[in-house]
Amino acid sequence: MNNPSAPNAHVTFKPSTHLLDAIRATRESVGDGLNDDELTRLLRQTTLPTEAGFAFLSFSSGIVTLSVPHQDLANWYPEQGWIAPEKEKIARAIAEKYGLLLGEPPDRPSSCRYPCSDAANTRHHLELRNRWDAIIVAHPNYLKVRMFGASPESRYVWDAKTPVLLGPALLQDLSALYQP
């Protein structure tokens, strides 16, 4: 007989002090049996650590979205330009350290169908990418980190995803972007 019980709010798979490692360990422990929504719900019930001011929000399409410390937008956006030079300098150093390319795409894309009415004041975010995917999206309201993505070995296999391993210092390095 199937007797549903109350969810266990303190599920722990593999304790880790590194947030991304704990998420990866949980994902590996459940395999492909859960879709992204189910995995997000499970991870929210799991005792996940916070790290360098970041906390888990969701998992979708191989990307984890994290909350960030409250930000003063004046520290991100100068009156003229896209991203504050200090933030760009930090992001460039992180990109170089991890062998990624730095970009500053707009927060909202424009198109010929829906042109941006005020392109000069459109805000941008920081995007660090490899040749195939955006790996890190740093925005004043959130941080996204790709945990599973395409690799040279899997680019001919449709939808094959491999772990993106950047090392345990990644969130500590990214926290420099979110300092006041």
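Everything that follows concerns the structure shown earlier in this document.
All values derive from a computational prediction rather than experimental measurement.

I'd love a proper account of the sheet that holds strand β5 (residues 134-139), names of residues and values included.
With antiparallel pairing, six strands are arranged side by side in an open sheet as β1-β2-β6-β5-β4-β3. Because the sheet does not close on itself, it has two edges, and the strands there are β1 (55-60) and β3 (101-103). Averaged over all pairs of adjacent strands, the angle between their axes in this sheet comes to 20 degrees, without regard to strand direction. In the packing of helix α1 (residues 19-30) onto the sheet, the strands contacted are β1, β2 (63-67) and β6 (142-146), and the crossing angle to β1 comes to about 40 degrees.

Quick one: what's the story with the pattern of salt bridges, residue by residue and with numbers?
Where charged atoms from two side chains of opposite charge approach closely, those side chains can pair. Taken as a whole and assessed by the stated rule, the structure comprises seven salt bridges. Among the ionic pairs, Arg27 bridges to Asp32, the shortest N-O distance being 3.6 Å. Residue Arg27 is classed as partly exposed on the basis of its relative accessible area of 23%. Arg92 is paired through a salt bridge with Glu88; the nearest N and O atoms lie 2.8 Å apart. You can see Arg92 and its partner Glu88 sitting in helix α3 (residues 85-98), four residues apart, about one turn around the helix.

Let's hear about the packing of aromatic side chains: which residues, and what values?
Summed over the entire model, instances satisfying the criterion amount to three aromatic pairs. Geometrically, the ring pair formed by Phe59 and Phe148 is edge-to-face, given 6.3 Å between the ring centres and 75 degrees between the ring planes. A residue pair is termed long-range when its members are at least 10 positions apart, and Phe59 in strand β1 and Phe148 in strand β7 (residues 148-149) qualify at 89 residues. Both residues of the pair, Phe59 and Phe148, belong to the buried class. Taking 5.4 Å as the distance between ring centres and 50 degrees as the angle between the ring planes, the aromatic pair formed by Trp76 and Tyr178 counts as tilted. Of this pair, Trp76 sits in the loop between β2 and α3 while Tyr178 sits in the segment after α4 (170-175), placing them 102 residues apart in sequence. On the accessibility criterion, Trp76 (0% relative accessible area) is buried. Just above the ring of Phe148 sits the side chain of Arg27; from NZ or CZ to the centre is 4.9 Å.

I'd like a description of helix α2 (residues 36-45), backed by residues and values.
Residues separated by three or four positions in an α-helix point in the same direction, a consequence of the helix having 3.6 residues per turn. For α2, the full list of buried residues reads Leu39, Thr40, Leu42 and Leu43. Relative to the axis of α2, the buried residues are bounded by an arc of 165 degrees and lie together on one face. Along α2, the residues that are exposed and aim more than 90 degrees away from the buried face are Arg41 and Arg44. Among the structural elements, α1 and β1 are those in contact with the buried residues of α2.

An account of the nonpolar core is requested, with residue identities and associated values reported.
In this structure, Leu143 and Leu174 are the most contacted members of the largest nonpolar core, which totals 37 residues. Aside from chain neighbours lying at most four places away, what touches Leu143 is Phe54, Val64, Thr65, Leu66, Val68, Ile136, Val137, Ala138, Leu171, Leu174 and Tyr178.

Cut-offs and rules
- Residues numbered from 1 in each chain as written.
- Predicted model: local features only at pLDDT ≥ 70, side-chain atom pairs only at ≥ 80, totals over all residues.
- Heavy atoms only, no water.
- Pairing = 2+ DSSP bridges.
- Helix = DSSP H or I, 4+ residues; strand = E, 2+ residues; numbered from the N terminus.
- Axes fitted to C-alpha atoms, helices over the stretch in contact; angles between N-to-C directions.
- Contact = heavy atoms within 4.5 Å.
- Salt bridge = Lys/Arg side-chain N within 4 Å of Asp/Glu carboxyl O.
- Buried < 20%, exposed > 50% of the residue type's maximum accessible area, 1.4 Å probe, protein only.
- Phe/Tyr/Trp six-rings, centres within 6.5 Å; stacked < 30°, edge-to-face > 60°.
- Lys NZ or Arg CZ within 6 Å of the ring centre and 35° of its normal.
- Arc of directions from axis to C-beta.
- Core = buried A, V, L, I, M, F, W, Y, C linked by side-chain atoms within 4.5 Å.

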